[in-house]
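An overview of the molecular structure
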2 protein chains.
Amino acid sequence: MTERSVIDCLVAPKSVAIIGASDNPSRIGGRPIAAMLTAGYKGRILPVNPKRDSVQGLPCYASVDDLPEVPEAALIAVPAALVPKTIEELGRKGCKAATLFSAGFAETGAEGEAAQSALVALAQSHGMRLLGPNTLGVYNVDIGYYGTFSSSLDTGYPRPGNIGIASQSGAFGAHLGALARDRGLGCSVLFTTGNEADITVAEAIRWMAESDSIDVICTYMEAVNDAPAMLAALDVARAAGKPVLALKSGRSVVGAKAAASHTASLTGDAVVADAVLSDHGAIILRDPESMMDIAYAASKKVLPTRHSLGVVTISGGAGIVICDEAERIGLPMPPMPQTAQDRLLEALPYASAENPLDCTAQALNEPDLLQLFTRAGLEEGGYGAVLCFLTYVAGSDKLSDVILKAMAPLRAAYPDRIIAFCALGAPEVMERYDEAGILIFNDPCRAVRAIDAVLRLGAAKASGPRKTLPAPAPISLPASSPDEAGAKSLLAEAGITAAPERAVQSADEAVTAAAEIGFPVVMKILSPDILHKSDIGAVKLNLQDENSVRAAHAEILAAAVTHAPKAQISGVLVARQLSGGVECLMGINRDPTFGPVAVFGLGGIFVELLNDVALQACPFGPDTAREMILSIRGAAILQGARGTEPADIDALADMLSRLSIFAAGAGDRLTSVDLNPVLAMPKGQGAYALDAVIELEPAKGGA
Amino acid sequence: MTERSVIDCLVAPKSVAIIGASDNPSRIGGRPIAAMLTAGYKGRILPVNPKRDSVQGLPCYASVDDLPEVPEAALIAVPAALVPKTIEELGRKGCKAATLFSAGFAETGAEGEAAQSALVALAQSHGMRLLGPNTLGVYNVDIGYYGTFSSSLDTGYPRPGNIGIASQSGAFGAHLGALARDRGLGCSVLFTTGNEADITVAEAIRWMAESDSIDVICTYMEAVNDAPAMLAALDVARAAGKPVLALKSGRSVVGAKAAASHTASLTGDAVVADAVLSDHGAIILRDPESMMDIAYAASKKVLPTRHSLGVVTISGGAGIVICDEAERIGLPMPPMPQTAQDRLLEALPYASAENPLDCTAQALNEPDLLQLFTRAGLEEGGYGAVLCFLTYVAGSDKLSDVILKAMAPLRAAYPDRIIAFCALGAPEVMERYDEAGILIFNDPCRAVRAIDAVLRLGAAKASGPRKTLPAPAPISLPASSPDEAGAKSLLAEAGITAAPERAVQSADEAVTAAAEIGFPVVMKILSPDILHKSDIGAVKLNLQDENSVRAAHAEILAAAVTHAPKAQISGVLVARQLSGGVECLMGINRDPTFGPVAVFGLGGIFVELLNDVALQACPFGPDTAREMILSIRGAAILQGARGTEPADIDALADMLSRLSIFAAGAGDRLTSVDLNPVLAMPKGQGAYALDAVIELEPAKGGA
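Now for a look at the structure at hand. (Residues numbered from 1 in each chain as written. Chains lettered and ligands numbered in written order. Predicted model: local features only at pLDDT ≥ 70, side-chain atom pairs only at ≥ 80, totals over all residues. Heavy atoms only, no water.)

To continue, consider the overall build of chain A. Each helix and strand counted, chain A has 24 helices and 30 strands in total. Across its three principal axes, chain A shows a C-alpha extent of roughly 105 × 80 × 35 Å. When each of the 703 residues of chain A is scored for burial, the buried share is 57%. In the structure as shown, chain A presents an accessible area of about 27000 Å², 52% of it carried by carbon and sulfur atoms. Positive and negative side-chain charges of chain A, numbering 56 and 78 respectively, have mean locations separated by a distance of 3 Å. (Helix = DSSP H or I, 4+ residues; strand = E, 2+ residues; numbered from the N terminus. Buried < 20%, exposed > 50% of the residue type's maximum accessible area, 1.4 Å probe, protein only. Areas by Shrake-Rupley, 256 points an atom, 1.4 Å probe, with all protein chains shown as cover. Lys, Arg positive; Asp, Glu negative; His and termini not counted. Charge placed at Lys NZ, Arg CZ, Asp CG, Glu CD.)

Put into structure tokens, the structure is as follows:
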């Protein structure tokens, strides 16, 4: 039995045993049975309770041993103390998938945690997988399976459909399910994973990503308990073109953390998780409402490739409100081509035809105008989505027929675009539009945000699979954290220009080095015995040519001999004289969940006060590094915003990518890397790490 | 007839004439009549149409002259060409308040604008006020008055209640009305002001602020057409404790403007309007949904004075989501006192009792727990609002009785606090909670935002009326823009330390000046004939004491005599040697709507890239200036965030306030003031404008 089919058993079992079955349909052991009987579960329900012969009209078995067959799934609704015995019995019977409703494990402290670990070990010894403990369970509307005791069913059953939910929190997952139901959204599957002693939301997400019946995946998470599985699941979903909408909570603690000013604390958990999960295609959300808005829009499976919005409105005011929101969130609203504008203005002289297209209240009298303007937006405007603000007008029974008729040929002609209405009215009327393939929103700004998310999904899908790098070769590290020179030398091996400098032993070597490094250069004596090099004239700045370098080499050695005759001289250092660059910082922090994460920011207030950094899990290529660099708010400074020359972003991106590959190759002992500052020189002149700190965990078993 | 009673006539007329009355209830001239007949308008409907004897069953009059009485209000539904004649007739008849549905005026261009101005003049000649043209009209549910042709009534009539709406846009105003209706909110009054040829939303807002029946005022604006009236109306509303929720659109154009990097463009219209309207107590919103959420919450007239949130939840997950949102928007969630926590944990050991208070699903079995935890939040927590996350549980018919019973004593005992539920369920069930004084929200994050807005209103109300300064004395300005010296001298008269410097004629004077200015000082020769003062030794830096100043004075004069024997010497300048300060900028821009507006920001990237500025209409006192200064994102730098000494914020605030008073006194000829940089010295050491530019419009009638 493969992993996947265990989840199949959990969410779509052919038979289910309920251990601790109750005749009372409002008890934990009774609710699932009552719900399955109500919903017409297509499998076999096998109640187990030593005290009863029948439960809710079904024959009841005294023990697991007495069951007439091996159940594909088991629901365990017994007190915590009886759970181990139950697992043992189920294991012996051959059941491979158990859902543990029972609470009183890891959530209660150390003792409970130990008991929970023992449960997992016990189950594993029988090849059994566990959902929970402390879970609200699973449901699957398509087959009427309700392996859950959620009281959300008291206020109505979910509606079948291609949305699925996986939630660590039972109550919040059920809230999402009820929210979908109350909005009329079809959501066939809900997983709640509780304590995640064994099965995590990652496996649920993957199951949905591979399922034929689920197209949109919603998930609520507090922690990512199995990062590799989660990222793999996201990659599967992305490859399948299925959006994953993730409400990841617990960011407010991080808000405080992020206020700290050094790079080590910039990669607080939630921020890292946002970056990593987004990179793997998840849409990170903060509230259930936007999750439902986007799930609704995405469930129609129309993911246009163009990230642009056209607006048709009967209210100039609403058009402006929509523009404001679109600009705020970065959804482009390009103007219509001039020829199309002219044509529309001919048809309706007092219209606005640029975008938004204001066809005025006149469209109520001449619904053909609505068709004309909307068609123009789709055809000549070429917008990924056209949003029509029709308010209560679309809610009128009389007009809705006319509007539907006007829209039908457009819906047919542009199947790959979003057509959406902002409309108010009776649910029945709204449902008719929805069935005709028109997205319906009540609020224009929520419409803009949901459409934007779906257009971004479409654009991401069109851009192909996520770029990945092969796992880099392992890097051999010293036994303990190196000093600056050691750090620079390690990084230099990784191709990171930690300092554009070279030690030379002769004037000829100095000239060659300077030529290769590039003028102007600075030269200084290399000697462990001379501390105040400048004071004795053993540092020469701003050397512009070969002759100056030769002269400086002689003068520096002479000065050393004169002022420190006994000093040991190991040579002369030739270094590029750097000026005019932009100070940046780069670093690596090992995140406990996601491993090495690279951080990039500008020096000074951008990091210290504004926390303006980009994060990315390692390793990644220069293209990704470039996107990171350009994503920070202060990127304009690197692009020459303040009248300075544009910086060498290519060189920065190359360095950042190399750093990420170094970090991935360095393995678990690498705690952090801090390159601060990195000087980004003007375009074409490179980027240089002026300081480097590498922190390592001590090697096990000595150097 | 006073102004106010004209608006009374418009919105609550005892009789209304419809000029261009139609028997067809779907025509513009027929809709208001049909609606009033349906709604049982309490006044007299007087149709005017020369072609009919009766209209919709009512006697119809051939002309205005034929009307049996002077109508308090008139609705004009005739083509644009016939409007002047109609106004003339109504004026002659003695009607004082006309609503012009007719379009085809200012919105169509210059010709229409001229026609519109002529209409206003004509009306004024009869002492008549106009609403519109191009307006959708007004309604007043309380008396069944529908002076509107809005088709929103086709999908249902509004519900009476203490919310009122004033909108420049007809269609968008009607959308807001329909939105309120569909949400079950009571909204008795809708004004739409169309082209605002005469009556503006400001007058509508003021009428509502003074009305006994309206408690919450919603407004949609694209432009503030009468700023003094608007600000006065907001002040009246604030004094009456009535929130004004303002959706001000048109900010996206400003987004582009704000990208420009000099101070003149930082005060783009929408940004200025936000600042000025907020300062007068308006809550600025971007979307209709948040307007309705806040209007709903505020309509209960419970405005707690404490800006803090307690959360009671049956889902730990939801508690975290709520915390995240509260922190994001700055709504404090302080922890419960330890004694209260201990008590709650005794009652429910696995609860969380800090805040959020997680009473777990156990609260479903023991509803007393819900009461216990909520009471603790109100009593010991002392929170301004307690939000209970109850999701579908609260929607259960069975449980709702129990929950209502548990809440009733709390609602009674804490009438000055907000108790809110996040709940899903049938509208009937939700309405029962609502009627019991519990705010109901579907989404936890929307609940947090609406509660925050109402708590802020409460805190603002508690802080008393808006601080105002008396109008400053007029300042006499030069005939044209002054040079830097002239600007500094003008500002010096206003008490603004444009530069800490003084011209002296002797060593004794220099010593006195230095002592007063404060050491260290810099001294330089004052001579129009010596350009390169440093080169000849006529500048002395970093003078620390009296002796150095005496010596420097002698040396400077000697150097001047030696190197430039023919130069005209007007004295020696003694200036404070400034270092270690923070560079800021201050300025004034004359906004076409709101007059002089002060801007404050930090120098460098904070303004240039981040547009991090605070704005305030002039004049204002040092307290307000201080709030402005501390409101910018970079304020931490002034407070010593980067390891530097805290800056002299008192001195900055004093300067900014003086600048605002100067600007207000300078009158309309002052176009702008730019003090850039202003150096904020360490605390206690002052703030100095190192450069000053004042732009004036040329004086009329010559110098």
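Still more to cover.
Here the focus is helix α19 (residues 507-517) of chain A. Residue and element names in this part refer to chain A. All of the buried residues in α19 are Ala-510, Val-511, Ala-513, Ala-514 and Ile-517. End-on view of α19: buried residues confined to an arc of 165°, all on one side of the axis. Of the residues in α19, the exposed ones pointing more than 90 degrees away from the buried face are Ala-515 and Glu-516. Buried positions along α19 lie against β21 (501-504), β22 (521-526), α20 (546-563) and β24 (571-576). (Arc of directions from axis to C-beta. Contact = heavy atoms within 4.5 Å.)

Glancing now at the interface of chain B and chain A. At the interface, 68 residues of chain B touch 68 residues of chain A. When the two sides are added together, the surface that chain B and chain A hide from each other amounts to roughly 4900 Å², 63% of it contributed by carbon and sulfur. For the pair chain B and chain A, the number of links is eight residue pairs in polar contact (both at pLDDT 80 or more). It is helix α11 (residues 316-329) of chain B that contributes the most residues to the side of chain B that touches chain A, nine residues altogether. For the side of chain B that touches chain A, the per-class residue count stands at 32 nonpolar, 20 polar and 16 charged. (Buried area = accessible area lost by both parts, 1.4 Å probe. Polar contact = N/O pair within 3.5 Å; in protein donor to acceptor, adjacent residues only side chain to side chain. Nonpolar A, V, L, I, M, F, W, Y, C, P; charged D, E, K, R; others polar.)

Glancing now at the relation of the copies chain B and chain A. Under the fitted operation, chain B is carried onto chain A by 0.0 Å of movement along the axis and a turn of 180°, and the coordinates agree to an RMSD of 0.1 Å. Taken together, the rotation and translation describe the operation of a two-fold axis. Of all interface residues in chain B, 100% are interface residues in chain A too; the two copies therefore contact each other through one and the same surface. (Least-squares fit on C-alpha atoms with pLDDT ≥ 70 in both.)

Below, the discussion takes up unusual backbone geometry. Backbone torsion omega between Phe-519 of chain A and Pro-520 of chain A reads -10°, so that peptide bond is classified as cis. Among the secondary structure elements, Pro-520 of chain A is positioned in the loop between α19 and β22. With phi around 50°, Gln-56 of chain B is a residue other than glycine that occupies positive phi space. Summarising the element assignment, Gln-56 of chain B is placed in the loop between β3 (54-55) and β4 (58-59).

On to the packing of helix α19 (residues 507-517) of chain B against helix α20 (residues 546-563) of chain B. All names here are of chain B. Running from N to C, α19 and α20 cross one another at 140°; their axes reach a closest spacing of 9 Å. In terms of their interaxial angle, α19 and α20 are classed as oblique. Where α19 crosses over α20, the handedness of that crossing is right-handed. Counted together, Ala-507, Asp-508, Ala-510, Val-511 and Ala-514 of α19 and Glu-546, Val-549, Arg-550 and His-553 of α20 form the full contact between these two elements. For the contact of α19 with α20, the class distribution of residues is five nonpolar, one polar and three charged. (Axes fitted to C-alpha atoms, helices over the stretch in contact; angles between N-to-C directions. Parallel < 35°, antiparallel > 145°, perpendicular 65-115°, else oblique. Left-handed = near helix turned anticlockwise from the far one by under 90°.)

Another point: empty space enclosed by the protein. All names here are of chain B. Scanning the entire structure with this criterion turns up six cavities of 30 Å³ or more. Quantified by volume, the largest cavity comes out at close to 60 Å³. Around the largest cavity, the lining residues are Ile-314, Ala-363, Leu-364, Pro-367, Leu-370, Leu-390, Val-393, Leu-399 and Ile-403. Elements that contribute at least two residues to the lining of the largest cavity include exactly α13 (362-365), α14 (367-379) and α15 (397-413). (1 Å grid on protein atoms, 1.4 Å probe; cavity = no way out; pocket = protein on both sides within 12 Å on 5 of 7 lines; lining within 4 Å. Points joined across faces, edges and corners; volume = space filled by probe spheres on them.)

Our focus in this paragraph is the pattern of salt bridges. Scanning the entire structure with this criterion turns up 60 salt bridges over all chains. A salt bridge links Arg-446 of chain B to Asp-293 of chain B, with the nearest nitrogen and oxygen atoms 2.8 Å apart. Here Asp-293 of chain B lies in helix α10 (residues 288-298) and Arg-446 of chain B lies in helix α17 (residues 444-462), a separation of 153 residues in the sequence. Each of Arg-183, Glu-289, Asp-293 and Arg-446 of chain A together with Arg-183, Glu-289, Asp-293 and Arg-446 of chain B takes part in a single network of salt bridges with overlapping partners. (Salt bridge = Lys/Arg side-chain N within 4 Å of Asp/Glu carboxyl O.)

Let's shift gears to the pairing of β24 of chain A. One face of the sheet, then the other: side chains in a regular strand alternate in exactly this way. Residues and elements named next belong to chain A. Taken across its six residues, β24 has six buried, putting it largely inside the fold. When β21 meets β24, the two strands line up antiparallel, connected through four bridges. By the bridge assignment, Ala-503 is partnered in β24 with Leu-573. Examined bridge by bridge, β22 and β24 share six bridges and lie antiparallel to one another. (Pairing = 2+ DSSP bridges.)

Residue and element names in this part refer to chain A. All chains considered together, the criterion is met by 18 aromatic pairs over all chains. Residues Phe-191 and Trp-207 carry aromatic rings whose centres are separated by 5.8 Å and whose planes lie at 70° to one another, so their mutual orientation is edge-to-face. Of this pair, Phe-191 sits in strand β11 (residues 186-192) while Trp-207 is found in helix α6 (residues 201-210), placing the two residues 16 residues apart along the sequence. Exposure class is identical for Phe-191 and Trp-207. Each is buried. Ring centres of Tyr-296 and Phe-441 lie 5.8 Å apart, and the angle between their planes is 75°; on these two criteria the pair is classed as edge-to-face. You can see Tyr-296 sitting in helix α10 (residues 288-298) and its partner Phe-441 sitting in strand β20 (residues 439-441), a full 145 residues away along the chain. As far as the burial class goes, Tyr-296 and Phe-441 line up, both buried. Aromatic ring contacts, followed pair by pair, group Tyr-139, Tyr-146 and Tyr-157 into a single cluster. (Phe/Tyr/Trp six-rings, centres within 6.5 Å; stacked < 30°, edge-to-face > 60°.)

Soluble globular proteins: nonpolar side chains tend toward being buried together. The biggest cluster of nonpolar side chains holds 316 residues, and the ones touching the most others in it are Leu-309 and Phe-421 of chain A together with Leu-309 and Phe-421 of chain B. In this structure Phe-421 of chain A touches Leu-387, Cys-388, Leu-390, Ala-394, Ile-403, Met-407, Tyr-433, Ile-438, Leu-439, Ile-440 and Phe-441 of chain A, once residues within four positions along its chain are discounted. If you look at the next biggest cluster of nonpolar residues, it comprises 94 residues, including Val-582, Ala-647 and Leu-675 of chain A together with Ala-663 of chain B. (Core = buried A, V, L, I, M, F, W, Y, C linked by side-chain atoms within 4.5 Å.)

Bringing the environment of Gln-168 of chain B into the picture now. Residue and element names in this part refer to chain B. Topologically, Gln-168 is positioned in the loop between β10 (159-167) and α5 (170-182). Exposure remark for Gln-168: the relative accessible area of 8% places this residue in the buried category. Once the C-alpha coordinates of Gln-168 and Ala-275 are considered, the two residues, 107 residues apart in sequence, prove to be 20 Å apart. For Gln-168, the contacting residues outside a window of four places in its chain are Thr-193, Gly-194, Glu-196, Val-201, Tyr-220, Met-221, Glu-222, Ala-223 and Asn-225.

With that out of the way, let us pick up the sheet that holds strand β21 (residues 521-526) of chain B. Residues and elements named next belong to chain B. Spatially, four strands are ordered β20-β23-β21-β22 in an open sheet, and the strand pairing comes out antiparallel. Only two strands of the sheet have a single neighbouring strand rather than two, namely β20 (501-504) and β22 (539-543). This sheet shows a mean twist of 20° between the axes of neighbouring strands, independent of strand direction. Relative to β21, α20 is tilted by about 25°, and along the sheet it contacts β20, β21, β22 and β23 (571-576).

Residues and elements named next belong to chain B. Taken N-terminus to C-terminus, the directions of α11 and α17 make an angle of 40°; their axes are 9 Å apart at the nearest point. Put simply, α11 runs oblique to α17. In this structure, α11 crosses over α17, and the sense of that crossing is right-handed. Counted together, Val-321, Ile-322, Glu-325, Ala-326, Arg-328 and Ile-329 of α11 and Pro-444, Cys-445, Val-448, Arg-449, Asp-452 and Arg-456 of α17 form the full contact between these two elements. Residue composition of the contact of α11 with α17, by class: seven nonpolar, no polar and five charged.

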